Amino acid sequence: MTIRAVVRGVGHYLPERVVENAEFEKTLDTTDEWIRTRTGIERRHFAAEGETTSQLAIKAAQAALADAGLTPDDIDAIVVATSTPDFTFPSVATMVQAGLGMTSGFAYDVQAVCAGFVFALTNANGMILSGQANRVLVIGAETFSRIMDWTDRGTCVLFGDGAGALVVEGVDAAGTPQDRGILAVDLHSDGRFRDLLYVDGGVSSNGVAGHLRMQGNAVFKHAVQKLAETAHAALEKAGLGPEDVTWIVPHQANLRIITGTAGRMGVPMERVIVTVQDHGNTSAASIPLALSVGKARGQLKQGDLVVTEAIGGGLAWGSVVLRW
Ligand code: COA
């Protein structure tokens, strides 16, 4: 017997404003055709003026709680993955806690940029397995539109805002790869690659929020290789292989990265959940958003074997294998 962290509910929220690729043609030397063919992105959502990351997170959390049939009082801990918090502190997670009307438990943020949700989910799994918490709300929420340089066509067309949330719960299980819940995790980072993807501002450096900077081509090459490796490693730890995968639910940064990674893993694209065309890259929010949309589309079903994988600034990357 063992305990597994099982997904009990999932939900998401996207800001109302949808921006089609063509809108960038008005202000930048770019085209809908270029963005579509190089990235697979067709549109993204941007938060309204004054709409914050915690507000998106609260709405996603409420949707996940409703899906789980639970109330905020049933939750022991909240972990929010974000790189775009409302304030330097307090954490977005404690703002979500207050917003949900929850006066017990504990809440904190995790920062691993686009890999943040994989790290947060791993963290929640560890808390559940160690008995520190039994029901954890794991949220990815971002407003990357706030850190875009709108004159840099190589980055500002790629990102979007949004939030997704899971309720994970400790459940007794047999301890086999057939169990529902998180079966294996695999995390990595390598700080030597800092300059490939970073924000040129921060509290203790220059005191401003800063703008995202990226060497797109170099990130692309690291992404395909490292994502396939970490997904393989996590599957191996779970005692499973690519042939067992029902769905890859990848970080949604670029369709070419998603296709390249699936190709290296030997998993056909019919078994990959893709939302990048509608959301752009929502950083830590992209995987829970894709899980929520995948469930709403009827793709994800109980018992399906799901592999999530993500990479982002740091570089930091990793994978979680779970049975839905
Ligand atoms: N519209 C038109 N042209 C653009 C453009 C845009 N929005 N953005 C870049 N270009 C231009 C470049 O300036 C370059 O022009 P040049 O040859 O005259 O210098 C040309 O397109 C090719 O640039 P390159 O960077 O080699 O293109 P690419 O095929 O690598 O595609 C990215 C660029 C950013 C789409 C791609 O590198 C990428 O997606 N990388 C990964 C980024 C990512 O997902 N990061 C997040 C990970 S979490």
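About the cut-offs
- Residues numbered from 1 in each chain as written.
- Predicted model: local features only at pLDDT ≥ 70, side-chain atom pairs only at ≥ 80, totals over all residues.
- Heavy atoms only, no water.
- Domains from an automatic or database assignment.
- Contact = heavy atoms within 4.5 Å.
- Buried area = accessible area lost by both parts, 1.4 Å probe.
- Near = heavy atom within 4 Å.
- Polar contact = N/O pair within 3.5 Å; in protein donor to acceptor, adjacent residues only side chain to side chain.
- Areas by Shrake-Rupley, 256 points an atom, 1.4 Å probe, with all protein chains shown as cover.
- Helix = DSSP H or I, 4+ residues; strand = E, 2+ residues; numbered from the N terminus.
- Nonpolar A, V, L, I, M, F, W, Y, C, P; charged D, E, K, R; others polar.
- Phe/Tyr/Trp six-rings, centres within 6.5 Å; stacked < 30°, edge-to-face > 60°.
- Buried < 20%, exposed > 50% of the residue type's maximum accessible area, 1.4 Å probe, protein only.
- Pairing = 2+ DSSP bridges.
- Axes fitted to C-alpha atoms, helices over the stretch in contact; angles between N-to-C directions.
- Expected span 1.5 Å × (residues − 1).
- Core = buried A, V, L, I, M, F, W, Y, C linked by side-chain atoms within 4.5 Å.

On to the domain arrangement of the protein chain. On domain assignment, one finds that the protein chain holds domain 1 (2-173) and domain 2 (181-323). Each of domain 1 and domain 2 was reduced to a C-alpha centroid, and the two centroids are 14 Å apart. At the junction of the two partners, domain 1 supplies 51 residues and domain 2 supplies 47 residues. Taking both sides of the interface into account, the surface hidden between domain 1 and domain 2 amounts to around 3800 Å²; carbon and sulfur atoms contribute 66%.

What follows covers the site of the ligand. Surveying the vicinity of the ligand reveals 22 residues, the closest of which are Thr-30, Arg-38, Arg-153, Asn-217 and Asn-254. A distance of 3.5 Å separates a nitrogen atom of the ligand from a polar side-chain atom of Trp-34. At a separation of 2.6 Å, an oxygen atom of the ligand approaches a polar side-chain atom of Arg-38. Compared with its free state, where it exposes 950 Å², the ligand has 73% of that area covered by protein. Among the secondary structure elements, those contributing two or more residues to the shell around the ligand are helix 1 (32-39), helix 5 (216-237) and helix 6 (255-265). The dominant element in the shell around the ligand, judged by the number of residues it contributes, is helix 5, at four residues. In terms of residue class, the shell around the ligand is made up of 10 nonpolar, eight polar and four charged. Split by domain, the shell around the ligand shows at least three residues from each of two domains, domain 1 (2-173) and domain 2 (181-323).

As a further point, take the packing of aromatic side chains. Using the criterion set out here, one finds three aromatic pairs in the structure. Considering the side-chain rings of Phe-46 and Trp-150, the 5.5 Å spacing of their centres and the 75° angle between planes classify their relative orientation as edge-to-face. Taken together, the residues Phe-46 in strand 3 (residues 43-46) and Trp-150 in the loop between strand 6 (135-143) and strand 7 (161-173) connect sequence positions 104 residues apart. The class for Phe-46 is buried, based on a relative accessible area of 5%. For the ring pair Phe-144 and Phe-159, a centre distance of 5.3 Å and an interplane angle of 25° mean the geometry is stacked. One end of the pair, Phe-144, is in the loop between strand 6 and strand 7; the other, Phe-159, is in the loop between strand 6 and strand 7, with 15 residues separating them in the sequence. Given a relative accessible area of 1%, Phe-144 falls into the buried group.

Tracing the sequence through the fold places Ala-223 in helix 5. Classification of Ala-223 as buried rests on a relative accessible area of 1%. Measuring from C-alpha to C-alpha, the distance between Ala-223 and His-211 comes to 21 Å, with 12 residues separating the pair along the chain. When near neighbours in sequence (up to four residues on either side) are disregarded, Ala-223 contacts Ile-257, Thr-261 and Ile-311.

Strand order in the open sheet formed by four strands is 8-13-12-11, with mixed pairing between adjacent strands. Looking at strand neighbours, the two that pair on one side only are strand 8 (181-189) and strand 11 (247-250), the edges of this open sheet. Ignoring which end each strand starts from, the neighbouring axes of this sheet average 15° apart. Examined bridge by bridge, strand 12 (residues 305-312) and strand 13 (residues 316-323) share eight bridges and lie antiparallel to one another. Residue pairing for strand 13: Val-306 is matched across the bridge by Leu-322. Docked against the sheet, helix 5 engages strand 8, strand 12 and strand 13, running at close to 145° with respect to strand 12.

With 22 residues, helix 5 should reach 32 Å at 1.5 Å per residue; the first-to-last C-alpha distance of 31 Å fits that figure. Among the residues of helix 5, those classed as buried are Val-219, His-222, Ala-223, Val-224, Lys-226, Leu-227, Ala-228, Thr-230, Ala-231, Ala-234 and Leu-235. Of the surrounding secondary structure, the elements contacted by the buried residues of helix 5 are strand 8, strand 9 (197-199), strand 10 (212-214), helix 6, strand 12 and strand 13. One or two residues past the end of helix 5 sits Gly-239, with phi positive at roughly 75°.

Judged by nonpolar contacts, the single largest core of 46 residues is most densely connected at Phe-24, Leu-235 and Val-321. For this core, the elements supplying multiple residues, two or more each, are strand 8, helix 5, helix 6, strand 12 and strand 13. At eight residues, helix 5 tops the list of elements feeding residues into this core. Mapping this core onto the domain boundaries places at least three of its residues in each of domain 1 (2-173) and domain 2 (181-323). Setting aside chain neighbours within four positions, we find Leu-235 in contact with Leu-240, Gly-241, Pro-242, Val-245, Met-265, Leu-305, Val-307 and Val-321. One finds Phe-119, Ala-133, Ile-273 and Ala-310 within the second-largest nonpolar core, a separate group that totals 37 residues.

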